[in-house]
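Here's the letter readout for the chains.
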Amino acid sequence: MATDEQLALTRALSGDGGLGVEESTLVSIIGKWRKKPEHISSFRKSFNRLFSITGHIEKCEDDHMQKLVMEFSRFHQITVLWAMHPHERDARWANQVIHKNHPSSILVEIASTRSAEDLLGARRAYQTLFHHSLEEDAAYQVKDSKSKLLVGLVSAYRYEGQKVDNDVAKSEAKALHNSLKTAGANKIIENDEVVRILSTRSKPHLKAIFKYYKELHGKYLEEDLSGDALLQQTVLCLDSPASYFSQVINSAFKEGANHTETEGLSRVMVSRSDVDMEEIKEAYAKLYGAKLADVISKKTRGYFRDSLLSLAGEAKA
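Each value, and the rule that gives it
- Residues numbered from 1 in each chain as written.
- Predicted model: local features only at pLDDT ≥ 70, side-chain atom pairs only at ≥ 80, totals over all residues.
- Heavy atoms only, no water.
- Helix = DSSP H or I, 4+ residues; strand = E, 2+ residues; numbered from the N terminus.
- Buried < 20%, exposed > 50% of the residue type's maximum accessible area, 1.4 Å probe, protein only.
- Contact = heavy atoms within 4.5 Å.
- Areas by Shrake-Rupley, 256 points an atom, 1.4 Å probe, with all protein chains shown as cover.
- Lys, Arg positive; Asp, Glu negative; His and termini not counted.
- Charge placed at Lys NZ, Arg CZ, Asp CG, Glu CD.
- Polar contact = N/O pair within 3.5 Å; in protein donor to acceptor, adjacent residues only side chain to side chain.
- Salt bridge = Lys/Arg side-chain N within 4 Å of Asp/Glu carboxyl O.
- Phe/Tyr/Trp six-rings, centres within 6.5 Å; stacked < 30°, edge-to-face > 60°.
- Lys NZ or Arg CZ within 6 Å of the ring centre and 35° of its normal.
- Expected span 1.5 Å × (residues − 1).
- Axes fitted to C-alpha atoms, helices over the stretch in contact; angles between N-to-C directions.
- Parallel < 35°, antiparallel > 145°, perpendicular 65-115°, else oblique.
- Left-handed = near helix turned anticlockwise from the far one by under 90°.
- Nonpolar A, V, L, I, M, F, W, Y, C, P; charged D, E, K, R; others polar.

Peer 1: Describe the overall build of the chain, and please don't skip the residues or the numbers.
Peer 2: Of regular secondary structure, the chain possesses 19 helices and two strands. For the C-alpha atoms alone, the extent of the chain along its principal axes is close to 80 × 40 × 35 Å. Counting all 317 residues of the chain, 46% fall into the buried class. Look at the contacts in the chain between residues 6 or more apart in sequence, and 68% of them connect residues 24 or more apart. Of the roughly 16,400 Å² of accessible surface on the chain, 52% is carried by carbon and sulfur atoms. Here the chain holds 44 positive side-chain charges and 44 negative ones, and the gap between their average locations is 2 Å.

Peer 1: Please set out the side chain of Glu58 residue by residue, giving values where relevant.
Peer 2: Inspection of the secondary structure puts Glu58 in strand β2 (residues 57-60). Of the polar contacts made by the side chain of Glu58, one reaches the side chain of Arg44; its length is 2.8 Å. There is a polar contact of 3.0 Å between the side chain of Glu58 and the side chain of Lys45. Apart from residues lying up to four places away in sequence, Glu58 is in contact with Arg44, Lys45, Phe51, Ser52 and Ile53.

Peer 1: Account for the side chain of Ser133, with residues named and values stated.
Peer 2: Residue placement: Ser133 occurs in the loop between α7 (116-130) and α8 (134-141). Residue Ser133 is classed as buried on the basis of its relative accessible area, which comes to 18%. Side-chain polar atoms of Ser133 contact the backbone nitrogen of Glu136, separated by 2.9 Å. Apart from the residues within four sequence positions on either side, Ser133 is in contact with Tyr126 and Gln127.

Peer 1: Help me get a handle on the pattern of salt bridges, residues and values and all.
Peer 2: Within the structure shown, the criterion is met by 25 salt bridges. Among the ionic pairs, Glu172 bridges to Arg196, the shortest N-O distance being 3.0 Å. On the criterion of sequence distance, the pair formed by Glu172 in helix α10 (residues 166-183) and Arg196 in helix α11 (residues 192-200) is long-range, its members being 24 residues apart. When salt bridges with common partners are traced through the structure, they connect Glu172, Glu193, Arg196 and Arg201 into a single cluster.

Peer 1: Break down the packing of aromatic side chains for me, citing the residues and quoting the values.
Peer 2: In this description, an aromatic ring pair is defined by two values, namely the gap between the centres and the angle between the planes. Using the criterion set out here, one finds seven aromatic pairs in the structure. For the pair Phe43 and Phe51, a centre-to-centre distance of 6.1 Å together with 80 degrees between the ring planes defines the contact as edge-to-face. Across the pair, Phe51 and Phe43 agree in class, each one buried. Taken together through their ring pairs, the aromatic side chains of Trp33, Phe43, Phe47 and Phe51 make up a single cluster. Above the ring of Tyr212, the side-chain terminus of Lys211 is found at 4.0 Å from the ring centroid. The positively charged end of Lys214 is found above the aromatic ring belonging to Tyr220, 5.1 Å away from the centroid.

Peer 1: Now, about helix α16 (residues 259-272): what can you tell me, with residues and values included?
Peer 2: In this model, α16 (14 residues) spans 20 Å end to end at C-alpha, consistent with the 20 Å of a helix rising 1.5 Å per residue. Along α16, 12 of the 14 residues are buried, which leaves the element largely enclosed by surrounding structure. Of the residues making up α16, those classed as buried are Glu261, Thr262, Glu263, Gly264, Leu265, Ser266, Arg267, Val268, Met269, Val270, Ser271 and Arg272. Where α16 begins, one side-chain oxygen reaches toward the backbone nitrogen of Thr260, 3.2 Å away; that side chain belongs to Asn258.

Peer 1: Summarise the environment of Gly20; cite the residues concerned and give the values.
Peer 2: Checked against the element boundaries, Gly20 lands in the loop between α1 (4-13) and α2 (23-32). A C-alpha to C-alpha distance of 13 Å links Gly20 and Ala252, two positions 232 residues apart in sequence. Excluding anything up to four places from it in sequence, Gly20 contacts Glu71, Arg74, Arg301 and Phe304.

Peer 1: Which residues make up the packing of helix α14 (residues 229-239) against helix α15 (residues 241-253), and what are the values?
Peer 2: Across the interface, α14 lies against α15 with an axial gap of 5 Å and an inter-helix angle of 125 degrees. Relative to α15, the element α14 is oriented oblique. Residue-level contacts link Gln233, Leu236, Cys237 and Asp239 of α14 to Pro241, Ser243, Tyr244 and Gln247 of α15.

Peer 1: Describe the packing of helix α4 (residues 62-83) against helix α19 (residues 302-311), naming the residues involved and giving the relevant values.
Peer 2: At a closest axis distance of 8 Å, the pairing of α4 and α19 adopts a crossing angle of 30 degrees. With respect to their mutual orientation, α4 and α19 come out roughly parallel. The way α4 lies across α19 gives a crossing that is left-handed. Of the residues in α19, those touching α4 at Arg74, Phe75, Ile78 and Trp82 are Tyr303, Phe304, Ser307, Leu308 and Leu311. For the contact of α4 with α19, the per-class residue count stands at seven nonpolar, one polar and one charged.

Now the structure itself:
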């Protein structure tokens, strides 16, 4: 029969029940089992998901071992991201989109939710790190229909004042609707007028456009863009970043979340901790009916969980 320590160690290394591992449990048992190889041997024999009898040894199962490597790395990764300059973080994430086939949505996120100065800083960091401009790489490396929008977004230096010309906003709401009717859902992402409006107008001006669009046409713009997920995301990032980030966080917690979705949790928590975390927590509670801190506590483990709670402003006293 497995001892309490063996059961605790099995839970700590199971890779189930949450992202991360229970490091404190592991450290404690390592200390208690010093010079007790029979305890470790007994644990290997009892934990058949991680070990299988192969010849005269209990061999680590490769799939589970790779999963554990990933879970152990979460705390390391979030620590490095937290320590890194924000402009370098964004530049490296952008490079992963362009050169490592990470989702284009991450580049939209960076370009649409950063301030004008922060986006400019990320572009400068990109040049320093990768010896090309971000705009150049986005234009050259992204070959499909997304290229025009992505280049427009990363090239932006938006006016950040509050002044809005309502007549122009209403006119551009009509222009977006006309462009959508003319181009159709499959080609709208390549429309010059759509790209111009979304990539150059200030965020207060865009909010006015989106408001007039709903008033004039009876539907939210996102609804009419249901055929193009990247454009939908662009509008959400520009109009309601807290709601967008809440959705990214929640995607990491869903059953069967893939690697990209779980990585989004660290990306959002680190990049938004000092920016709009309170708004994100409010949006998350409104969208999903639960406190973000409670979900983090339930869905993550160990030092990774503690780091996330700290970034959310919910560290334990």
